[in-house]
Each structure stands twice: as structure tokens, then as C-alpha cells.
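The chain contents come next:
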Amino acid sequence: MYDVAVPPVTLRRAADKRITDVAISIRRNCFSRSLAMAAVIALCAQQASAASATGAAAGTGGNGPAGGNGGTGGNGGTGGHDAPLFNGDSSSSCSEWSLPDPTVYNDAGDGVKAISRATRARISQCQCATQDCIADVLDRYAVALALVAPRLPPQLRNLPSIVSNAARRVRVARGRREAVNILNEAVARVHKEIELIRADNPEALRLQARGGEFVAGTLQLASASLERADGL
């Protein structure tokens, strides 16, 4: 049996191919391990992020009551009034009457609605039928409106001024008849502002103008209360 001589070139090619195969195998192994490690790192990062978010949420929830108290303290600072301006609800007695905080509502119109309902309740349920009483109630109403007015449509942002001026004039009016006329003038001014919204954007009138409608209705109730008291 004879030995077959293998050419040196063939031997070199075979060796090179073997080396190449080994190198490819090593790279694949390293790549697979890198992917696995990256997946582990990503999973750990996700878990850490979720744990952090959960902790932050728990912390926020725990601090919620403290934040609420802080807000009440801030509102107490407005207290030239006998009673606090804002309260958690609007069901306080007439002697301890207060308004809900309009800034807690996401929609400005809902804030105006809440303070308007509380103001109307004060007028109708507590027999507020004198000029001084109406003026005091409207003064507080104007302060609350001023907090939410920046989020109202531009045409309605002077509602606090309209209400405040009406309160001031009602207080010094020469009799209930004059005070009623002042309130009716204020209602007309509010309706004029609503008409400006109609002119700018008729399609959005109902949604945007509802804050003005709440204020107009509150002023109308105040006027009606004085009218009934005087038999006008």
C-alpha cells in the first residue's frame, strides 16, 4: 500500500478552514452569551424601574393628606373672613359658610359650577336677603372665581372683576331697588362676555360659555333674593 502525498497548499487550506470554523464558533458563543447577559440586565432594569415607580406612588399616596392640609392652610391665609373661604364640601352651616376649592377640578367650568352652587345655596337656604349679606357672599364668590379665572376662555377672565364690582356697589347702594338694578347690570355684562365667545367660536359656545352661565345665574339669584325681600 502506497502513501499518498498531500500537497502543502491543500494542507494550508485545510488548516485555515479549521481555524476559521473555530473562530466563528467562538464568536457565536460569545454573541449568544452577550445577548443573554443583555436580556438579564434589561430585565433587572425593568424590575428596578417598576419598584421605583411603585415606591413613588406609595409615597405620593401617603403624602396626599398632608398636601391637602397644606392647601387648607394656604387658603386660611385669605381669612379676612369670619369663616374659611374653602372647605371640603359646601354643606357648612350658614354661620360657618365656606366654598369648595375650585382649583381641585381638572376642568375650569366644573370649578365655577361648584362654587356657584355653593354660593346659591348660601343665598337661598340661609335667607340672605340684605344688601350687606349679598355683598359679603359675592365678595367671597369673586375671590374664588379669581383662582379659576386664568383657566377660563379669555372672554370670561374678567368675571371676578364683574362680581367684585357688583358686590362693592350693592353694599353702598341707596336701597334694595338700586342694588337690584346693579345686579341686573352685572348679569347683562356677563351675557355680553358670553356673546363674545359666540362671535369667536359658535361651535364651542356651549362648552366654553358654561362658566359664564353659572355666574350669570348666581347673580340673578342674588337679585331675586333682594327683590323678594323688598316686594319689588
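Residues numbered from 1 in each chain as written. Predicted model: local features only at pLDDT ≥ 70, side-chain atom pairs only at ≥ 80, totals over all residues. Heavy atoms only, no water.

> Would you mind showing me how to read helix α2 (residues 108–125) here?
Structural remark: α-helix, 3.6 residues per turn; residues separated by three or four positions point the same way. Over its 18 residues, α2 runs 26 Å from end to end, which matches the ideal 26 Å to within 8%, given 1.5 Å per residue. Inspection of α2 places A108, G109, G111, V112, A114, I115, S116, A118, T119, A121, R122 and I123 among the buried residues, and these make up the whole buried set. Structurally, the start of α2 carries an N-cap: the backbone nitrogen of G109 is 2.9 Å from a side-chain oxygen of D107. Directly beyond the C-terminal end of α2, a positive phi value near 55° is found at Q127. (Helix = DSSP H or I, 4+ residues; strand = E, 2+ residues; numbered from the N terminus. Expected span 1.5 Å × (residues − 1). Buried < 20%, exposed > 50% of the residue type's maximum accessible area, 1.4 Å probe, protein only. Polar contact = N/O pair within 3.5 Å; in protein donor to acceptor, adjacent residues only side chain to side chain.)

> Just checking my understanding: could you explain unusual backbone geometry for this structure?
Leave glycine aside and you will find that most residues have negative phi; peptide bonds, for their part, are mostly trans. Of note, the phi angle at Q127 is positive, near 55°, even though the residue is not glycine. Relative to the elements of secondary structure, Q127 occurs in the loop between α2 and α3 (131–148).

> I tried to follow the state of the cysteines on my own but got confused; where do I start?
By definition, a disulfide is the covalent link that joins the sulfur atoms of two cysteine residues. By the definition in use, this model includes 2 disulfides. Each disulfide pairs two cysteine sulfurs, and for C94 the partner residue is C126, the sulfurs being separated by 1.7 Å. Sign of the S-S torsion, about -85° for the bond between C94 and C126, identifies this disulfide as left-handed. Of this pair, C94 sits in the loop between β1 (86–87) and β2 (99–100) while C126 sits in the loop between α2 and α3, placing them 32 residues apart in sequence. (Disulfide = S-S within 2.5 Å.)

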